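# Notes for the structure review
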Amino acid sequence: MRRTAFALLLLLSHACVREASARRDKGHVSVVVVGATGDLAKKYLWQGFFQLYAEQVGSGHSFSFYGGALSEAEKGAPALFRILKGLECPSGVSEERCALLKDRFPKLAQYRRLDAAEDYAALAEDVRLRLAREDLAEAGRIVYLSVPSFAYADIADKVNRSCRPGPGAWLRVVLEKPFGRDLDSAQDLAAELAKSLREDEMYRIDHYLGKQVVSQILQFRKDNRKSLEPIWNKHHIERIEIVLKETLDVKGRIQFYDQYGVIRDVMQNHLTEVLALLTMTVPADLSGSQEILRRKLRLLSTLQQMDRVSAVIGQYQAYGAEVREELNATKDHVTITPTFAGVVVYVDNAQFEGVPIFMMSGKMLDERASYARVLFRNEVFCVQDPGSLHCRPRQIVFHVGHGDLQHPAILVSKNLFQPALPDHGWKEVKGQKEALFGLPPSDYYIHVPTPHTEAYAVLISQVFHGRKDNFISTEHLLASWTFWTPLLHRLARQVPRVYPGGAANDNLLDFQLQGRGIAFATEAVVLSSQDLGGGAAAAENFQVMQGKYRNSDMVSAWAEELVRQLAADIQASAEEAVAEGGMFHLALSGGSSPLALFQRLAVHHYSFPWRHTHVWMVDERCVPLTEPSSNFHTLHEHLLRHVRMPYFNVHPMPVQLNQRLCVEEDGGPLAYERDIARLVNGSSFHFVLLGVGYDGHTASLFQGTQLEAHGDKLVALTESPAKPHQRMSLTLAAINRARRVAVLVTGRGKHEMITQLSRVKDDPRKWPVTGIKPASGKLVWYIDYEALLG
């Protein structure tokens, strides 16, 4: 009996040894996190790798983890191990096993300084020695680059040269967005990476694809194919909404964000991926990564190119001040980076032709929420009970997270169909009390994932298993940038609508379809300052108000509405002048303030009488007109080349004569004055647009200029305190002959100057703008709320 028991024990022992040996044959995996002590690694990456270790610890793979950063070990190692000490076990792990995992994981990790090429070579040697010392076969290496994208090519080169695994082992390098900021930069980065890494070795991560609801979209469409196929098309879908709303500002991320903005940050990647999952054809086999990627690529190629009217953009009110603070910029620094955008996209295929797909994302909105909503047409006309189930909205909502539900879910309205419940990992729940997307919860079938898993943990597991369907290939990346780059270029000079943030936004950012484009739904309403109560209370209405400033008329609004009003006023003056005398003479100043106006006139004022308009310069820098710093060059690039105007109606200032710049003897000012006298009736412009500097100068008439010396001259050479010093400018005599003079002032940086100007007496030598007193015309100040109220 004892012999039998001993023999049985011996057999079990041999079986265990064979099983353990088989498990060891799967090999050793080395994980290297570059940027191991940064915010992303601290919040998500080490937790994801810990979860991978917990899942794989008994599967036959062994692991080692290397945290790399630029700091020396004395500083970096304690920071790394503080992160590892705070890791949490995945749900479902017993307390005893959790304690064992948390004890073992840090012992498998070490910190290394990773900067120079020799640091990567030393790391590779350490891995080689460990494999030899412990007699381990190498399965592969994961290198996660949690660093700015400008460092990718250099690190990839170092990995390629000295840190590749041995023969037969795989290398997987994970890259975080951004992958460029437009098509050209993405192509450049892709070309640099291709010198060091093969396509199959690169895993460009978009963490949105690891979110449980997003990763379930294709499976949902496949599982419910019979119900969806008849209605998943242009005949039944009214529209699709893809939304990512955030309540936070971008403090702490300004250096990155101000270069990218909301479209590059989340639309070109996260929301475009969701669009593809909703509109691509569903493969019969969802386990094939290559087939999924091919179908996504095919879908991206069918997206119709967008133009300027395909988008609206906004910027929360405090953003400019945050940029100046974090970038240590001067008070006159202006940023037009959008923090909000709404976009309409169309798919050019028979299935979705004409269906508007709205994308929307923004900072400082009223709630944090993320979802994709497919709204179906309802052809039922309810005669007596419009509240009955079959009369209510028909929709499917892929609720990614937060919002009213506070957790991921897929909602299907009961007047559509009852969806199939996935085989595992999901459950059906009853709704809460609050209405969801316009319907009571009882009107939905609601499926939620269980348990909840973090997106990075899901994607790290997929990297380990070599699945690439939720990662971005080079071809896929360039196709996306090909689609988005033209719109980004068209928006580059567009001034965003300013919004206050949070609940105070009210309906300010609502937008609507206009033809195949979109526009903000709220237009400017002109009210008197008395109607609005004046001051900050008036600003809260986000409308155009009229009042008085320095005893002249004033128009004030948020910058976008102010520009809209000014453009309309210029067109009204042009139409009046043409009707009266057949020609309109417009004098425009330089600087950054009028850029938004130029773009507004070029893009939205198709009926402007350009063929009957002469454009003159108020002032010019003494540089060649082809130089970017030239006022005329700016005017040409942002307005003149976009409108149909006879070339002989355009009058740049003659700052360069006889191959010299602004030499008095060459007679440039006199020549320009003669042109004005010859073409402009009474040398009286119909409309003169001015700006005003922080020091109170206007045109190129600066403090200390001997203005009285100009006498009756219409044009003069002047000196600026800033380079280039020499300028040519209309004089006060010329400006004050005009029928209408507009002074445009925008930006919080001008608030102090506007406040001072409101208190000073007329003193043109100290405050040149106070010398603007049209003799028989009208002066109107156009001041945005930031400049007026601070």
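Quick caveat, the model's predicted, so the values are computed rather than measured.

### Observations concerning the sheet that holds strand β11 (residues 369-376)
In space, the 10 strands of this open sheet follow the order β14-β15-β13-β12-β11-β7-β10-β9-β8-β17, with mixed pairing throughout. The open sheet is flanked by β14 (426-429) and β17 (497-499), the only strands paired with a single partner. Averaged over all neighbouring strand pairs, the angle between strand axes comes to 15°, with direction disregarded. Here strand β9 (residues 340-345) pairs with strand β10 (residues 357-362) via 6 bridges, running antiparallel. In the sheet register, Phe-340 faces β10, and the bridge partner there is Gly-362. Where helix α8 (residues 212-223) meets the sheet, its contacts fall on β12 (394-402), β13 (409-413), β14 and β15 (444-449), and the angle it forms with β12 comes to roughly 150°.

### What about the nonpolar core?
Counting 118 residues, the largest nonpolar core has Ile-242, Leu-278, Ile-396 and Trp-484 as the members making the most contacts within it. When neighbours within four sequence positions are excluded, Trp-484 is seen to be in contact with Ile-263, Met-267, Gln-268, Thr-272, Met-306, Val-343 and Met-359.

### Considerations on the environment of Val-345
One can find Val-345 in strand β9. Accessibility expressed as a relative area gives 0% for Val-345, which makes it buried. Along the backbone, Val-345 and His-614 are 269 residues apart, and their C-alpha atoms lie at a distance of 39 Å. With residues near it in sequence (within four places) discarded, Val-345 still touches Leu-275, Leu-303, Met-306, Val-355, Pro-356, Ile-357 and Phe-483.

### Description of the state of the cysteines
Disulfides are covalent bonds that connect the sulfur atoms of two cysteines. With the rule as written, the count across this model stands at 2 disulfides. Across the disulfide, Cys-89 is cross-linked to Cys-98 (sulfur-sulfur distance 2.1 Å). Residues Cys-89 and Cys-98 are joined by a disulfide whose S-S torsion is about 95°; by sign, that bridge is right-handed. Accessibility assignment for this pair places Cys-89 and Cys-98 in one class, buried. Note that Cys-622 is cross-linked by a disulfide to Cys-662, the S-S spacing being 1.9 Å. With the S-S dihedral at roughly -90°, the linkage between Cys-622 and Cys-662 falls on the left-handed side. Here Cys-662 lies in the loop between β28 (660-661) and α20 (668-679) and Cys-622 lies in the loop between β25 (619-621) and α19 (631-638), a separation of 40 residues in the sequence. Both residues of the pair, Cys-622 and Cys-662, count as buried.

### Thoughts on the pattern of salt bridges
In the structure shown here, the tally under the stated rule is 43 salt bridges. Between Glu-637 and Arg-641 there is a salt bridge, and its shortest N-O distance comes to 3.4 Å. A relative accessible area of 29% places Glu-637 in the partly exposed class. What emerges from the salt-bridge pattern is a single network uniting Glu-72, Arg-113, Asp-115 and Asp-119.

### Quick look at the sheet that holds strand β2 (residues 62-69)
Spatially, β3-β2-β1-β4-β5-β6-β16 is the arrangement adopted by the 7 strands of the open sheet, whose pairing is mixed. Edge positions in the sheet fall to β3 (109-113) and β16 (471-472), since each has one partner strand and no second. Across 6 bridges, the pairing between strand β4 (residues 138-145) and strand β5 (residues 170-176) is parallel. Residue pairing across strands places Leu-145 opposite Leu-175, the latter belonging to β5.

### Details of the packing of α8 against helix α10 (residues 254-279)
One way to put it is that α8 packs onto α10 with a least axis distance of 9 Å and a crossing angle of 10°. Regarding the angle of α8 to α10, the classification is roughly parallel. Each of Val-214, Ile-217, Leu-218 and Arg-221 in α8 lies in contact with α10, whose residues at this interface are Val-274, Leu-277, Leu-278 and Thr-279. A class-by-class count of the residues in the contact of α8 with α10 yields 6 nonpolar, 1 polar and 1 charged.

### Focus on α10
The largest bend in α10 is about 100°, located at Gly-261. α10 sits mainly inside the fold: 23 of its 26 residues count as buried.

### A look at the side chain of Ser-64
Relative to the helices and strands, Ser-64 resides in strand β2. Judged by its relative accessible area of 0%, Ser-64 is buried. For Ser-64, the residues in contact, after removing those within four places along its chain, are His-28, Val-29, Ser-30, Val-31, Leu-108 and Arg-130.

### Things to note about the packing of helix α2 (residues 39-56) against helix α13 (residues 455-465)
Remark: α2 packs on α13, axes separated minimally by 8 Å, with the N-to-C direction vectors making an angle of 55°. As summarised for this structure, α2 and α13 are arranged oblique, according to the angle between their axes. For α2 against α13, the interelement crossing comes out right-handed. Note on element contacts: α13 touches α2 through Tyr-456, Ala-457, Ile-460, Ser-461, Phe-464 and His-465, opposite Leu-40, Tyr-44, Leu-45, Gly-48, Phe-49, Gln-51, Leu-52, Glu-55 and Gln-56.

How each quantity is defined
Residues numbered from 1 in each chain as written. Predicted model: local features only at pLDDT ≥ 70, side-chain atom pairs only at ≥ 80, totals over all residues. Heavy atoms only, no water. Pairing = 2+ DSSP bridges. Helix = DSSP H or I, 4+ residues; strand = E, 2+ residues; numbered from the N terminus. Axes fitted to C-alpha atoms, helices over the stretch in contact; angles between N-to-C directions. Contact = heavy atoms within 4.5 Å. Core = buried A, V, L, I, M, F, W, Y, C linked by side-chain atoms within 4.5 Å. Buried < 20%, exposed > 50% of the residue type's maximum accessible area, 1.4 Å probe, protein only. Disulfide = S-S within 2.5 Å. Salt bridge = Lys/Arg side-chain N within 4 Å of Asp/Glu carboxyl O. Parallel < 35°, antiparallel > 145°, perpendicular 65-115°, else oblique. Nonpolar A, V, L, I, M, F, W, Y, C, P; charged D, E, K, R; others polar. Bend = angle between axes of the 7 residues up to and from the residue. Left-handed = near helix turned anticlockwise from the far one by under 90°.

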